[in-house]
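# Remarks on the overall topology
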Amino acid sequence: MKKPAAFFWALLALSGPALAAETPREDLRYNQVQQKASHNSYQRKEDVFTQLEDFNIRAIEFDLHAAKAPAGDWLVYHTSKDRFTHCRLLSDCYGQVVRFHQLHPDHQAVTIFFDVEGLNKPGRSKQDFYAQIENTFPPGSVLKPSALMSACPAAKTLQESVTLPGCGWPGLAQIRGKFIFVISGGESDFRKPVYDPAQDYVFLVSGATTEQAMRQDPNLIFFNLPGANPFAKQAREAGFVSRVYWIDTRAKYEKAMALGANILAGDNLNPQKFPWTNTAQPDGFPFRIIQ
């Protein structure tokens, strides 16, 4: 008899760090909450560690460039003219993330988005990208696409793995202490020679804004949209996860929240200066439940 997805996610949780006492909120699935995120996280006023530790952010973003980067590493910046970054090398950025993980091994899942430039150039492949992950993050701490497929044996695609009856995104409790890697720029390079959810470490995003386009690639379950795009609601209601970015005014933020977008990425991060950006609860739970 096939085991339901909940059984698989419970086993996965046992392989991770010990969990704090569960609350009903921990039974919510990853796509049933909203979370504040930072856009171009390396370029904000506060460093990445502060964003995770003090601002309760659980979704961050790095822009990667292979040109002139040391072997086995990446340069982190937005454009070649950028001078300011809290972590010029990806290894330095990862160092801040891992430090946070070491201090809080049962943290809510941290999602890391990447815009990647220079993949599949001489000496630079997605296997190099994956090797850095393996050499940096503790064993078992990465939620790979294959985990979603294994939790839903009937699924032939990632979209089916989160939408078929009895299947779905993992619960928050089951992915505590884990990291989710998502390629939001340069994703075509991660398809070479082929993108395989059973083998690849990362999820790829779609920029689709119509129902038809949303279904064209059945292995895309993250949708990345500029501004408070109404399609964010449609993608989430279809069972997927929507991320919106450039959410930098109160009006845009409140509109995105009302649409039910899952991940709200902006540049205004300090909750004391910008209280309207906050999705955390008074007890520190970093997410807002989508009604």
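Within any chain, residue numbers begin from 1 and follow the written order of that chain's sequence. Given that this is a predicted model, residues contribute local features only at a pLDDT of at least 70 and side-chain atom pairs are listed and counted only at 80 or more, while totals for whole chains, interfaces and linings are drawn from all residues. Side-chain descriptors were evaluated using all non-hydrogen atoms of the structure, hydrogens and water having been removed beforehand.

It is worth spelling out the overall build of the protein at this point. By definition, any uninterrupted DSSP run of H or I lasting at least four residues is a helix, any uninterrupted run of E lasting at least two residues is a strand, and each is numbered from the N terminus. Per the secondary structure count, the protein includes nine helices and ten strands. Against the globule reference of 19 Å for 291 residues, the protein gives a C-alpha radius of gyration of 18 Å, in line with a compact fold. A simple rule labels every residue: compare its accessible area, found with a 1.4 Å probe on the protein chains alone, to the largest value its type can have, and call it buried under 20%, exposed over 50%, or partly exposed in between. The buried share among the 291 residues of the protein stands at 56%. Every accessible area reported is derived by Shrake-Rupley at a probe size of 1.4 Å, with residue values counting cover from the shown protein chains alone. Surface summary for the protein: the accessible area is close to 12,700 Å², and the carbon and sulfur share equals 53%. To get the radius of gyration, use the C-alpha atoms; to get the globule rule, take the number of residues to the power 0.38 and multiply by 2.2 Å.

Salt bridges, as used here, are contacts in which a Lys or Arg side-chain nitrogen is within 4 Å of a carboxyl oxygen on Asp or Glu. Under the criterion given, the structure shown has nine salt bridges. Notably, a salt bridge pairs Lys126 with Asp200, separated by 2.9 Å at the nearest N-O pair. Here Lys126 is found in helix 4 (residues 126-136), whereas its partner Asp200 is found in the loop between strand 5 (179-185) and strand 6 (203-206), with 74 residues between them in sequence. The class of Lys126 is buried, set by a relative accessible area of 7%. Its relative accessible area of 4% is what places Asp200 among the buried residues.

This next bit is on the nonpolar core. Taken as a class, soluble globular proteins show a tendency for nonpolar side chains to be buried jointly. The set of buried Ala, Val, Leu, Ile, Met, Phe, Trp, Tyr and Cys residues whose side-chain atoms join them within 4.5 Å is what this entry labels a nonpolar core. One finds Phe62, Phe114, Phe129, Phe181 and Phe222 to be the most contacted residues of the largest nonpolar core, which totals 84 residues. Ranked by residue count, the leading element in this core is helix 3 (residues 90-103), at six residues. By size, the runner-up hydrophobic cluster in this structure holds five residues, among which are Val33, Leu172, Phe285 and Phe287.

As a further point, take unusual backbone geometry. Glycine aside, a negative phi is what most residues show, and trans is what most peptide bonds show. Along the chain, Lys192 connects to Pro193 via a cis peptide bond; the corresponding omega equals -5°. Here Pro193 shows up in the loop between strand 5 and strand 6. Of note in this structure, Trp246 is not a glycine but carries a positive phi near 65°.

We now examine the state of the cysteines. For the purposes of this analysis, a disulfide is any pair of cysteine sulfur atoms at a distance within 2.5 Å. Per the counting criterion, the structure on display carries two disulfides. Bridging Cys87 to Cys93, the disulfide has an S-S length of 2.1 Å. The sign of the S-S torsion, about 95°, decides the handedness of the disulfide formed by Cys87 and Cys93: right-handed. Both residues of the pair, Cys87 and Cys93, count as buried. The disulfide bridge from Cys152 ends at Cys167, spanning 2.1 Å between sulfur atoms. Of note, the bridge from Cys152 to Cys167 carries an S-S torsion of about 75° and is right-handed in sense. Taken together, the residues span a long stretch of sequence, with Cys152 in the loop between helix 5 (145-151) and helix 6 (158-163) and Cys167 in the loop between helix 6 and strand 5 at a distance of 15 residues. A single burial state applies to Cys152 and to Cys167, both of which are buried. Ordering the disulfide-forming cysteines of the protein by sequence position, one finds them joined as 1-2, 3-4.

Turning our eyes to something else, we now look at the packing of helix 3 against helix 4. All axes here are fitted lines through C-alpha atoms, helices being fitted over the stretch that makes contact, and every angle between N-to-C directions spans 0 to 180 degrees. Contact geometry of helix 3 with helix 4 gives a least axis separation of 11 Å together with a crossing angle of 35°. Judged by the twist between their axes, the crossing of helix 3 over helix 4 is right-handed. Between helix 3, through Leu90, Ser91, Tyr94 and Val98, and helix 4, the contact on the second element is made entirely by Phe129, Gln132, Ile133 and Thr136. Each residue belonging to the contact of helix 3 with helix 4 can be placed in one class, and the counts come to five nonpolar, three polar and no charged. In this scheme the handedness of a crossing depends on how the near helix is turned from the far one: anticlockwise by less than a right angle means left-handed, clockwise means right-handed. Only heavy atoms matter for contacts: two residues are in contact if any of them lie within 4.5 Å across the pair. Residues are sorted three ways: Asp, Glu, Lys and Arg are charged, Ala, Val, Leu, Ile, Met, Phe, Trp, Tyr, Cys and Pro are nonpolar, and all the rest, Gly among them, are polar.

Take helix 4 next. Within the span of helix 4, buried status applies to Lys126, Phe129, Tyr130, Gln132 and Ile133. End-on, the buried residues of helix 4 take up no more than an arc of 155°, which puts them together on one face. For helix 4, exposure combined with an orientation more than 90 degrees from the buried face picks out Gln127 and Asn135. Structurally, helix 4 contributes buried residues whose contacts are with strand 2 (59-65), helix 3, strand 4 (110-117) and strand 5. The reported arc concerns the directions from the helix axis to the C-beta atoms and nothing else.

As for its position among the elements, Thr111 is in strand 4. Since its relative accessible area comes to 0%, Thr111 is described here as buried. Polar contact is the term for a pair of N or O atoms within 3.5 Å; when the atoms are in protein, one must be able to donate a hydrogen and the other to accept it, and sequence-neighboring residues count only if both atoms are side-chain atoms. Among the polar contacts made by the side chain of Thr111, one reaches the side chain of Tyr30 at a distance of 2.6 Å. Other than its neighbours up to four places away in sequence, Thr111 contacts Tyr30, Arg58, Ala59, Ile60, Ile180 and Val182.

Pairing between two strands is assigned when DSSP locates at least 2 bridges connecting them. Strand order in the open sheet formed by ten strands is 3-2-4-5-6-7-8-9-1-10, with mixed pairing between adjacent strands. Edge positions in the open sheet fall to strand 3 (75-76) and strand 10 (287-289), since each of these has one partner strand only. Strand contacts of helix 3: strand 2, strand 3, strand 4 and strand 5, with the helix running at about 160° to strand 2, the strand carrying the most contacts.

That is the geometry; function is a separate question.
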